[in-house]
Amino acid sequence: MLLFLCSLSIAAAEFSFASNGKEQCVIAMPDEPVGFEKDAVEDLRTYLGKMTGAKFQVFPESKVP
């Protein structure tokens, strides 16, 4: 488990979520979110925005650009 978390953090460090306050990706959520998925997506959007200064768009999986 620790190895997985370490590799995940390394992969995230190499990915640019935003640059100069502009998002470099979008957030995809299931077409039919269940349970806490909507809240989780909104939390992700909020905290990525706070960390990067960017405003992230959320799209259903079937409509991701």
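Each chain has its residues counted from 1, running along the sequence as written. Given that the model is predicted, a residue must reach a pLDDT of at least 70 before its local features are reported, and side-chain atom pairs must reach 80 or more before they are shown or counted; all residues, however, enter totals for whole chains, interfaces and linings. Heavy atoms throughout the structure, all of them, feed into the side-chain values; hydrogens and water do not.

It is not clear to me how the confidence of the model for the protein should be interpreted in this structure. Could you clarify?
Atomic detail in the predicted coordinates should be set aside for any region of low pLDDT. The pLDDT score gives, residue by residue, the confidence of the prediction method on a 0 to 100 scale. For the protein, the mean per-residue pLDDT works out to 82, and 78% of the residues sit at or above 70. A run of H or I in DSSP becomes a helix once it reaches four residues, and a run of E becomes a strand once it reaches two; helices and strands are each numbered from the N terminus. Mean pLDDT across the elements of the protein bottoms out in helix H1 (residues 2-14) (53) and peaks in strand S4 (residues 58-60) (93).

I'm lost on helix H2 (residues 37-52) in this one. Help?
Each α-helix turn comprises 3.6 residues. Residues three or four places apart therefore point the same way. One less than the number of residues in a helix, times 1.5 Å, gives the span that helix is expected to have. Along its 16 residues, H2 runs 22 Å from first to last C-alpha, staying within 8% of the 22 Å computed at 1.5 Å per residue. Only protein chains enter the accessibility calculation, which uses a 1.4 Å probe; a residue whose area is less than 20% of its type maximum is buried, one above 50% is exposed, and one in between is partly exposed. Every buried residue belonging to H2 is among Val-41, Leu-48 and Gly-49, and all of these are buried. On an axial view of H2, the arc spanned by its buried residues comes to 100°, and they lie on one face. With respect to the buried face of H2, the exposed residues turned more than 90 degrees away are Asp-39, Tyr-47, Lys-50 and Met-51. Every residue pair with non-hydrogen atoms within 4.5 Å of one another is taken to be in contact. For H2, the elements touching its buried residues are strand S3 (27-29) and S4. Phi turns positive, to about 80°, at Gly-53, one or two residues after H2. As used here, the arc is the angular range of directions from the helix axis to the C-beta atoms.

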